[in-house]
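Next come the chains, spelled out residue by residue.
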Amino acid sequence: MKRILTGLQPSGELTIGNLIGGIKQMVKYQNEYESFMFVPDLHTITIPQDPETLKKRIKSIVALYLACGIDPNKNTIYIQSENLYHANLSWILECNTYMGEASRMTQFKDKSQKVKNVSVGLFTYPILMAADILLYDADYVPVGIDQKQHVELARDIAIRFNNKYGKTFTIPEPLIPQVGAKIMKLQDPTKKMSKSDENIKNSIFILDTEEDIRKKIMSAVTDSENKIYYDPENKPGIANLLTIYSAFANLSIEEVASKFKEANYGTLKKEVADVVVSNILDIQKKYQEYLNSGIVDQILDEGNKKVNQIAKEKYEEVLRKVGLGRI
Ligand code: AMP
Ligand code: TRP
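Reading the values: the criteria
- Residues numbered from 1 in each chain as written.
- Chains lettered and ligands numbered in written order.
- Predicted model: local features only at pLDDT ≥ 70, side-chain atom pairs only at ≥ 80, totals over all residues.
- Heavy atoms only, no water.
- Near = heavy atom within 4 Å.
- Polar contact = N/O pair within 3.5 Å; in protein donor to acceptor, adjacent residues only side chain to side chain.
- Areas by Shrake-Rupley, 256 points an atom, 1.4 Å probe, with all protein chains shown as cover.
- Core = buried A, V, L, I, M, F, W, Y, C linked by side-chain atoms within 4.5 Å.
- Buried < 20%, exposed > 50% of the residue type's maximum accessible area, 1.4 Å probe, protein only.
- Helix = DSSP H or I, 4+ residues; strand = E, 2+ residues; numbered from the N terminus.
- Domains from an automatic or database assignment.
- Contact = heavy atoms within 4.5 Å.
- Axes fitted to C-alpha atoms, helices over the stretch in contact; angles between N-to-C directions.
- Parallel < 35°, antiparallel > 145°, perpendicular 65-115°, else oblique.
- Left-handed = near helix turned anticlockwise from the far one by under 90°.
- Nonpolar A, V, L, I, M, F, W, Y, C, P; charged D, E, K, R; others polar.

Enquirer: Provide a residue-level description of the site of ligand 1, including the pertinent values.
Expert: Around ligand 1 lies a shell of 14 residues, among which Gly-144, Asp-146, Ile-183, Met-193 and Lys-195 are the nearest. Take Gly-17: an N or O atom from its main chain is 3.2 Å from a nitrogen atom of ligand 1. Measuring from an oxygen atom of ligand 1, one finds a side-chain N or O atom of Asn-18 at 3.0 Å. Protein contacts shield 92% of the accessible area of ligand 1, which totals 470 Å² for the unbound molecule.

Here it is as structure tokens:
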């Protein structure tokens, strides 16, 4: 069975972008593939984090995975920092990555302009991500479009390593969702909705109240044409609302565009709010149940045990091939 692997950073409250671009894909794939779903907490500290908040978010995100339909019997769920092989392999991969290729990462270029003191970790972040993927011989890596370049770097590193040291790593492929590849900011639909936005009116968080969700959607920026059709370039606000509806109602963009073609913007927004609220309230109820049950720790302990064994074998193979240590 092919193996699939992904992770969502616990760097902020998750948005519906994360749900649609990340978690929902995994829920779909968990029946077809051997699935690994982890919390990349080491990636999170590439940008300053408050320790208390970070700690809370790690378990909270696992409870959210479960609430969103990630089945612990079909997925191996674990925390990156609890497995020491990730950072160790990352170092070896760093020594097999060129400055030129790492410097081409567009996410680094964006993020490094937004923070005052850019850490070295922010620059090497994609190589740690390559280690996350290559340690487990993942065949597929479901990610949003913004992470595609990082998975491609992981491929390049794996190919280079295999050529140099002999076949060691599976070459991973990114899996980009068809619908809702990119959910945009509600107040500025030309930019990606992000969990770290300063303007909370831009994002719908999975743990938002019903009232906030409705308010945010009703005040989403659209255009003045008052005609509904799907045209992301000229009507980004409307296209974004149609995309959100399509993802939550499990309909194609064409079906949604045709459903609303005679409607006005007010009606569209109200219906988008309804479908988002009904999905999100259900998730929130399950989230509280998981968080209060103690099952999260149990799942993480089991996951950790399993992945440590897999990672240890791969890491020792790498040490042998590179000529490190005494193995
Ligand atoms: P991030 O929030 O950047 O850590 O992203 C975590 C995962 O969610 C990745 O797979 C992203 O590509 C996906 N994701 C984040 N924001 C969005 C968005 N606005 N639209 C679609 N996918 C997203
Ligand atoms: N960098 C990813 C993000 O911010 C999270 C991540 C870290 C990841 N390691 C990964 C995703 C490995 C897939 C596979 O979204």
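Enquirer: An account of the nonpolar core is requested, with residue identities and associated values reported.
Expert: With 58 residues, the main nonpolar core has Tyr-65, Ile-77, Phe-248 and Val-276 as its most contacted residues. Secondary-structure elements contributing two or more residues to this core are α1 (16–29), β2 (34–39), α3 (51–67), β3 (75–79), α9 (210–218), α10 (236–249), α12 (265–293) and α13 (295–322). Take this core: its biggest share by element is 10 residues, from α12. Among the domains, domain 1 (3–176 + 294–322) and domain 2 (200–288) are the pair contributing at least three residues each to this core. Residues in contact with Val-276, not counting those within four places in the same chain, are Ile-204, Ile-213, Ile-217, Ile-244 and Phe-248. Counting 36 residues, the second-largest nonpolar core is a separate cluster that includes Leu-122, Phe-123, Met-129 and Ala-131.

Enquirer: Go over the packing of α3 against α12 with me, naming the residues and quoting the values.
Expert: Two measures define how a pair of helices packs: the angle their axes make with one another and the distance between the axes. For the pair α3 and α12, the least separation of the axes is 8 Å and the interaxial angle reads 125°. Judged by the inter-axis angle, α3 sits oblique to α12. In this structure, α3 crosses over α12, and the sense of that crossing is right-handed. Between α3 and α12, the contacting residues are Lys-59, Ser-60, Ala-63, Leu-64, Leu-66 and Ala-67 on the first element and Ile-283, Lys-286, Tyr-287, Tyr-290 and Leu-291 on the second. For the contact of α3 with α12, the class distribution of residues is eight nonpolar, one polar and two charged.

So, to be careful, I would describe these as geometric facts and stop short of saying anything about function.
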